[in-house]
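Structural description and commentary
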Amino acid sequence: MATEPTTSRAPSLATQVSRAVVWNAVFVPLRMVAEIVATLLKLTVLPLTSYGLLALVSGAAGGLGTWIDLGTTRALPKYIPETNRTGGPRAVLRLLTVVLTAQIAMLALTLVGLIIGYDRYIGELQGKVLADGRIPPVEQTTLVRFIDEFGWLIILTILIMLFLGICYDMLMAYLNSFFKQRAWNSVALAAGLLPPLLSAAVILLSRLAPDPDRTAIIGVLIAMFVAPALAVALAGWNVYRLWASDARYWTSNAPAPSSWRAIPTGFVRYCAVSFLMTLTDFLASKSFAVFLTNDISDVALLWAGASVVGMVLGYLYTPMVGVQVPLFTRVRAGEGGTLLGAYQSLARLQALLLIPGAVGLLLLARPVLAVLTPQYVGAAPLVWVLVPCLFLESMLTTAHNALIVYEHLRVIVISRLLTLSVVPLLILLAPLLGVVGVALAFGLARVLAGAWATFNGYRLLGVRWPWRFTLRVLLASGVMALIVAGMALLLPELPPHAGVALRLREAALLAGVALIGAGVFIGALRATGGLEPQDREQLATMRLPGGRWLLRML
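Residues numbered from 1 in each chain as written. Predicted model: local features only at pLDDT ≥ 70, side-chain atom pairs only at ≥ 80, totals over all residues. Heavy atoms only, no water.

1. Notes on the overall build of the protein
When you go through the protein residue by residue, the secondary structure sums to 22 helices and zero strands. Each of the 554 residues in the protein was classed as buried or not, and the buried ones make up 51%. Of the contacts formed within the protein by residues at least 6 apart in sequence, a portion of 82% connects residues at least 24 apart. Surface accessibility of the protein: about 25,100 Å² in total, with carbon and sulfur atoms responsible for 69%. (Helix = DSSP H or I, 4+ residues; strand = E, 2+ residues; numbered from the N terminus. Buried < 20%, exposed > 50% of the residue type's maximum accessible area, 1.4 Å probe, protein only. Contact = heavy atoms within 4.5 Å. Areas by Shrake-Rupley, 256 points an atom, 1.4 Å probe, with all protein chains shown as cover.)

2. Some points on the side chain of Ser287
Mapped onto the fold, Ser287 is located in helix 11 (residues 286–289). Residues within four places of Ser287 in sequence aside, it is in contact with Gly59, Phe282 and Trp303.

3. Quick look at a nonpolar patch on the surface
A cluster of nonpolar side chains, Leu475, Val479, Leu482, Ile483 and Ile516, forms an exposed patch at the surface whose accessible area comes to about 450 Å². Sorting elements by how many residues they give to the nonpolar patch places helix 19 (residues 467–490) first, with four residues. (Patch = residues over 30% accessible without salt bridge, like charges linked within 9 Å, V, L, I, M, F, W, Y side chains within 5 Å. Salt bridge = Lys/Arg side-chain N within 4 Å of Asp/Glu carboxyl O.)

4. Notes on the packing of aromatic side chains
Throughout the structure, instances matching the rule amount to six aromatic pairs. A ring pair is formed by Tyr343 and Trp465, whose centres lie 6.3 Å apart and whose planes are at 75°; its orientation type is edge-to-face. Here the residue Tyr343 occupies a position in helix 14 (residues 339–372), and Trp465 occupies one in the loop between helix 18 (435–461) and helix 19, the gap between them amounting to 122 residues. In this structure, Tyr343 and Trp465 share a single accessibility class: buried. A centroid spacing of 6.5 Å and a plane angle of 40° characterise the contact between Trp452 and Phe455, whose relative ring orientation is tilted. Of this pair, Trp452 and Phe455 both sit in helix 18, three residues apart, which is roughly one turn of that helix. Above the face of the Trp303 ring, Lys286 is positioned so that its terminal group lies 4.4 Å from the ring centre. (Phe/Tyr/Trp six-rings, centres within 6.5 Å; stacked < 30°, edge-to-face > 60°. Lys NZ or Arg CZ within 6 Å of the ring centre and 35° of its normal.)

5. Quick notes on the pattern of salt bridges
This model, assessed by the stated rule, comprises four salt bridges. For the salt bridge of Asp281 with Arg446, the shortest nitrogen-to-oxygen distance reads 3.6 Å. Residue Asp281 is found in helix 10 (residues 267–283), and its partner Arg446 is found in helix 18; the two are separated by 165 residues along the sequence. In this structure, Glu393 and Arg446 form a salt bridge, with 3.6 Å as the shortest nitrogen-oxygen distance. In this pair, Glu393 sits in helix 15 (residues 380–405) while Arg446 sits in helix 18, placing the two residues 53 residues apart along the sequence. The class of Glu393 is buried, set by a relative accessible area of 11%. Each of Asp281, Glu393, Arg416 and Arg446 takes part in one network of salt bridges that share partners.

6. Digging into the nonpolar core
Most often, soluble globular proteins keep nonpolar side chains buried together rather than apart. Membership of the largest hydrophobic core comes to 147 residues, with the highest contact counts inside it found for Leu76, Ile158, Leu221, Leu302, Phe391 and Phe442. For this core, the element with the most residues is helix 14, which contributes 16 residues. (Core = buried A, V, L, I, M, F, W, Y, C linked by side-chain atoms within 4.5 Å.)

7. Digging into helix 5 (residues 118–130)
The α-helix winds at 3.6 residues per turn, so residues separated by three or four positions along the chain end up facing the same way. Given a rise of 1.5 Å per residue, 13 residues ought to cover 18 Å, and the 19 Å separating the end C-alpha atoms of helix 5 matches this to within 8%. Along helix 5, the positions that sit buried rather than exposed are Tyr121, Ile122, Leu125, Gln126, Lys128 and Val129. The arc that holds every buried residue of helix 5, seen down its axis, measures 150°, which confines them to one face. For helix 5, exposure combined with an orientation more than 90 degrees from the buried face picks out Asp119, Arg120 and Leu130. (Expected span 1.5 Å × (residues − 1). Arc of directions from axis to C-beta.)

8. Some words on the environment of Val423
Within the secondary structure, Val423 sits in helix 17 (residues 422–433). Given the relative accessible area of 46%, Val423 is considered partly exposed. Measuring from C-alpha to C-alpha, the distance between Val423 and Ala445 comes to 8.9 Å, with 22 residues separating the pair along the chain.

9. Points about the confidence of the model for the protein
In this model, the protein carries a mean pLDDT of 79, and residues with pLDDT of at least 70 account for 80%. Long-range and interchain partners of residues 1–8, a stretch whose pLDDT sits below 50, account for zero contacts in this model, where long-range means more than four residues apart. Overall, residues 256–260 carries pLDDT values under 50, and its contacts beyond four positions in sequence, including any with other chains, amount to five contacts. (pLDDT = per-residue confidence, 0-100.)

10. A word on unusual backbone geometry
Notably, Leu70 is not glycine yet its phi reads approximately 60°, a positive angle. As for its position among the elements, Leu70 is in the loop between helix 3 (48–69) and helix 4 (72–116).

11. Comments concerning the environment of Val513
Along the chain, the position of Val513 falls in helix 20 (residues 500–527). Residue classification places Val513 among the buried residues on the basis of a relative accessible area of 6%. Considered as a pair, Val513 and Gly486 are 27 residues apart in the sequence and their alpha carbons are 9.9 Å apart. Setting aside residues no more than four positions away along its own chain, Val513 makes contact with Leu364, Val484, Met487 and Leu491.

12. Points about helix 3
Here helix 3 is 22 residues long and its end C-alpha atoms lie 31 Å apart, about the 32 Å a rise of 1.5 Å per residue gives. In terms of burial, helix 3 is largely enclosed, as 17 of its 22 residues are buried. At the C-terminal side of helix 3, Leu70 shows a positive phi close to 60°.

13. Let's talk about the environment of Gln103
Relative to the helices and strands, Gln103 resides in helix 4. You can call Gln103 buried: its relative accessible area is 3%. It is 9.9 Å that separates the C-alpha atoms of Gln103 and Leu162, two residues lying 59 residues apart in sequence. Those residues within four positions of Gln103 in sequence are excluded, and the remaining contacts are Ile68, Asp69, Thr72, Ile166 and Met170. There is a polar contact of 2.7 Å between the side chain of Gln103 and the side chain of Thr72. (Polar contact = N/O pair within 3.5 Å; in protein donor to acceptor, adjacent residues only side chain to side chain.)

Below is the structure:
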């Protein structure tokens, strides 16, 4: 009897994960350009006070979105594959319908709350502006009047963003659940490109208006919900295509209707823990911290510093986006690999990317901010505080994800409750260090929670951090730091009111320093042993453009 061709077999788990990592990495440069454009535009074109106002609007949308989410965004990537395997697409549709209904109900309650608390919220925004003694009185009066006149647009923007966030998170969770990283990254790229493109258009057009600053703020507020609407449409199209490709399960492979459940067993409990995670993440984030600052200038500096750190961390973390939870879920289901092997592979990849990235950002933060605009150089100390905290916390989340997949929920709950240490830390540090203390408080709280999760991953799951490889990366990063620091001292100092030509020259020099630093790191890592043998084997099996060159280099 003839055997079926191997091409008809489903890809192995290792192959699926490898492809997901590859597609994540392929899209890094494109997403990087989009994020750089957005950040540069807002920092260099918008006045500091306008940037601060937009940060407060984004923070409010983030906090309310946490409330509306109910923990479902973290839960769906785990339960969609399980539900699809046991009940097929019909069961998945039932689950998504229940989740959407619950979130729409929460959105309706939020609408009522915003209507009732409209005057109080608008008053708090105006209070941040009036408390700032660093901005001219004329600018204060203008912004206060704008908030009073266009408060309805601010509220409408928040509500539309919340609704689109519900749709976007659900659609992207579906794509993540099946390792559709090419589609996921395509949508994420659109979601990253559209805001800066639309913002650029409205800001350029606003220069032709009688009151360009006011017109620019209105245009950016509108872009804040038009751009995600387009991204939701693109995500919906990709999900529809994926759904249509699985249509055969509707009639052939799906279980009997009596075995279907609208809500899978354990889903509510998992969502409760996920909601706690999301809530504590918000409390220990810039979106919450901006409301604890003294005035609108501190809001802008904190948001700018945290955004720069988050932007760089986001690039470096991109290869692992949407991979960890589905990977651990399938390892637990016995579809391939071991937990220790999966954990250490992810940990080595994180160490390889995040440690040298953190060192480079610490050394170049101040000159990079000076190139952007002198008014944000004051955010450099915030970057220095946040980089060690957020980069370390990011590496500690791997054990956290493994624990939640293996349903050690008690440990996760304690870990998330430790994040609430942000409150006493804020009480202690904010009066002493001002806005730097606010940043340090939420950074330390995140590290404390991650350290607890990693310790218990070692205790309960037997995961081990790859210390030998990490020490090699630290050594190579130290060599890189010496070279980069020396070159940074040789860079010409940029005058406070430098023109575009000088800033471009400085940006090119900084890019050159970064590239040389990356080359030094790779050379030092290779001299100390390079990649682990299993990682070399895995890289050799992945059909990457220039894969042989990459293997020789590492």
